[in-house]
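In case you want the letters, here they are:
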Amino acid sequence: MDDIPSPLPSHPTRFLDQVRLGMRSAGYALSTERTYLHWMMRFIRFHNRQHPQKMGKPEVEAFLAHLAVVGQVSPSTQRTALNALVYLYIKHLERPPEDYEFQLAKTTRRLPTVLNHDEVQAVLCHLKGTPKLMIELMYGSGLRLQECVTLRVKDLDFTLQTITVRQSKGDKDRVTLMPQRVKNALHTQVSKTRAMHIQDLADGFGEVYLPHALARKDSGAAKQFGWQYLFPSSRISKDPRSGKLRRHHSHATLLRKHLKSAVAKTSICKPVRTHTFRHSFATRLLEKGYDIRTIQQLLGHNDVRTTEIYTHVLGRGALGVISPVDG
């Protein structure tokens, strides 16, 4: 259950625990909390474990410059580190904003790795059961890995053929399409999940993790079938916050292992990861002639410029336009 926040004392004495408590009180996502804490700890270690109270603008600038010059990190990584330290000094330590001056990381433009339709089918041929269904959803619906493993039964609408993605990147909800090809497999998966849930209830379990606000508002929701994870774990685990025994969702590492094994059995030489299928979803839609704004909405991108990267993958012009002379 590594995507559930670990418990904190109500009045923590350790500095980084105090930072964690402040971020949770402000409603920051767990992924943001972990990322910011990572960069704060690297910053502290870089300066020989000095307390952040004793450091300031010169130390921040030195650390960020070191990341660019020695660490050769990407601009987005350097920007993330900067955001973490800005939170530390402005939000947590309540210091006035500073104008930091440091060496910027070198800007590079990297195109995502994508698979063509035949290559995707070659990978799917070496998968079966739940792993195959999950990869099909990432390719057929544009889901991220974490969005896939955390799907709940209620997020599927078989009538409208849609999948609702909850609390996605940026804490946003979005609706994407349900592939016609996987409808029967999804029905089968729902039936398997229902049978497992009924058995859990009979064994005295059957509760699923819910965000604390929802758990307080509706204490019975945790045992309702609709709230159960579509891809449940094979084992009961202990919730790190409440200590309750619950069945969480399948771990992302398990799917990565199945995918790695399947790719090794193909002739594909590209570096294939779970996120590759989300990239392939976008380029496949562009190939089929769908407009960039529709693809942006299905992917959940804030800025269309993020989606436009896929037009470069296909070697097309701005906004994925095909010249009339090319048919």
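Since the structure is predicted, the reported quantities are computational estimates derived from the model, not experimental observations. For every chain, the first residue of the written sequence is number 1, and numbering continues from 1 along that sequence. Where totals are concerned, whole chains, interfaces and linings use all residues; where local detail is concerned, this predicted model gives features only for residues with pLDDT of at least 70, and gives and counts side-chain atom pairs only at 80 or more. With hydrogens and water set aside, each side-chain value is computed from the structure's full complement of heavy atoms.

(A) Structural detail: the packing of helix 11 (residues 274–287) against helix 12 (residues 292–299). Axis separation between helix 11 and helix 12 bottoms out at 10 Å; the angle between their running directions is 155°. Classed by the angle they form, the pair helix 11 and helix 12 counts as roughly antiparallel. For the crossing formed where helix 11 meets helix 12, the hand is right-handed. Residue-level inspection shows Arg278, Phe281, Ala282, Leu285 and Leu286 of helix 11 in contact with helix 12, the latter providing Ile292, Ile295, Leu298 and Leu299. When residues are grouped by polarity, Ala, Val, Leu, Ile, Met, Phe, Trp, Tyr, Cys and Pro land in nonpolar, Asp, Glu, Lys and Arg in charged, and all others, Gly among them, in polar. Taken together, the residues of the contact of helix 11 with helix 12 break down into eight nonpolar, no polar and one charged. Interaxial angle, 0 to 180 degrees, is taken between N-to-C directions of lines fitted to C-alpha atoms, where a helix line uses only the stretch in contact. Working definition: helices are DSSP H or I runs of at least four residues, strands are E runs of at least two. Numbering for both runs from the N terminus. Here the word oblique covers every angle except those under 35 degrees (roughly parallel), over 145 (roughly antiparallel) and from 65 to 115 (roughly perpendicular). Crossings are classed by handedness, with left-handed meaning an anticlockwise turn of the near helix from the far one by less than a right angle and right-handed meaning a clockwise turn. We call two residues in contact whenever any of their non-hydrogen atoms come within 4.5 Å of each other.

(B) Just the layout of surface pockets, in detail. There is about 730 Å³ of room inside the second largest pocket. Buriedness for pockets is judged along seven lines, at least five of which must meet protein on both sides within 12 Å for an open set on the 1 Å grid over protein atoms alone, while cavities are sets there where a 1.4 Å probe fits but cannot get out, and lining residues have an atom within 4 Å of a point. The wall of the second largest pocket is formed by 15 residues, among which Pro75, Ser76, Arg79, Thr80 and Lys169 lie closest to the centre. Top element by residues in the lining of the second largest pocket is helix 4 (residues 75–92). It accounts for five residues. Taken together, the residues of the lining of the second largest pocket sort by class into two nonpolar, ten polar and three charged. Grid points are joined across faces, edges and corners, and a volume is the space filled by probe spheres set on the points.

(C) Inspection of the side chain of His249 at higher detail. Locating His249 in the fold gives a position in strand 5 (residues 245–249). Residue His249 is classed as buried on the basis of its relative accessible area of 7%. Counted as a polar contact is a pair of N or O atoms within 3.5 Å, where, for protein atoms, one must be capable of donating a hydrogen and the other of accepting one, and residues adjacent in sequence contribute only when both atoms are in side chains. A distance of 3.5 Å separates the side chain of His249 from the side chain of His248, its partner in a polar contact. The rule is simple: take the accessible area with a 1.4 Å probe, protein chains only, and divide by the maximum for that residue type; under 20% is buried, over 50% is exposed, in between is partly exposed.

(D) Seen up close, the packing of aromatic side chains. The aromatic pairing rule takes the rings of Phe, Tyr and Trp, using the six-membered ring of Trp, and pairs them if the centres are within 6.5 Å, calling planes under 30 degrees apart stacked, those over 60 edge-to-face and the rest tilted. Counting across every chain of the model gives seven aromatic pairs. Each ring, one from Tyr28 and one from Tyr36, has its centre 6.5 Å from the other, and the planes form 55°; the classification is tilted. By the ring-pair criterion, three or more aromatic residues cluster together here, those being Trp39, Phe43, Phe46, Phe63 and Tyr89. A positively charged side chain is recorded as over a ring if its NZ (Lys) or CZ (Arg) lies within 6 Å of the ring centre. The angle to the ring normal must also be within 35 degrees. Across from the ring centre of Trp227, 4.3 Å away, lies the NZ or CZ of Lys154, which sits over that ring.

(E) View of the nonpolar core. Here the nonpolar core consists of buried residues drawn from Ala, Val, Leu, Ile, Met, Phe, Trp, Tyr and Cys, with membership extended through side-chain atoms lying within 4.5 Å. Counting residues in each nonpolar core, the largest one holds 35 residues, and the members touching the most others are Val123, Ile135, Leu137, Met138, Leu186 and Phe277. Those elements giving two or more residues to this core turn out to be helix 5 (117–124), helix 6 (129–141), helix 7 (145–149), strand 2 (162–165), helix 8 (183–202) and helix 10 (252–264). Ignoring any residue separated from it by four or fewer positions in sequence, one finds Ile135 in contact with Leu124, Leu127, Leu255, Leu259 and Phe277. Residues Val19, Met55, Leu85 and Tyr100 belong to the second largest nonpolar core, which totals 25 residues.

(F) Highlighting helix 1 (residues 15–25). Along helix 1, the residues that are buried comprise Phe15, Leu16, Asp17, Val19, Arg20 and Met23. Residues of helix 1 that are buried in the fold lie against helix 2 (30–46) and helix 4. One or two positions beyond helix 1, positive phi appears at Gly27, with a value near 85°.

(G) Structural view of the sheet that holds strand 2. One bridge is not enough; two strands pair if DSSP finds at least two bridges between them. Reading across the sheet, the three strands line up as 1-2-3 and stay open at both edges, with antiparallel pairing between neighbours. This sheet does not close on itself; its edge strands, each paired only once, are strand 1 (156–157) and strand 3 (174–177). Across two bridges, strand 1 lies against strand 2 in antiparallel orientation. For Leu156, the partnering residue across the bridge sits in strand 2 and is Ile163.

(H) Expanded view of helix 2. Its 17 residues place the ends of helix 2 24 Å apart at the C-alpha level, agreeing with the 24 Å of an ideal helix rising 1.5 Å per residue. Every buried residue of helix 2 is accounted for by Leu30, Glu33, Tyr36, Leu37, Trp39, Met40, Phe43 and Ile44. Those residues of helix 2 that are buried are in contact with helix 1, helix 3 (57–69) and helix 4. Backbone geometry just after helix 2 places Asn48 at a positive phi near 55°. Helix span, expected: 1.5 Å multiplied by one less than the number of residues in the helix.

(I) Here's a closer look at empty space enclosed by the protein. Going through the model one piece at a time under the given rule, you end up with one cavity of 30 Å³ or more. The space that makes up the largest cavity amounts to roughly 70 Å³. As for the largest cavity, its lining consists of Thr193, Met196, His197, Asp200, Val208, Gln228, Tyr229, Pro232 and Arg247. Tallied by class, the residues present in the lining of the largest cavity amount to four nonpolar, three polar and two charged.

(J) Region of the structure containing unusual backbone geometry. The phi angle at Gln72 is positive, at roughly 50°, despite the residue not being glycine. Mapped onto the elements, Gln72 comes out in the loop between helix 3 and helix 4. You will see that Gln161, though not glycine, has its phi angle at about 55°, which is positive. Considering the arrangement of structural elements, one finds Gln161 in the loop between strand 1 and strand 2.

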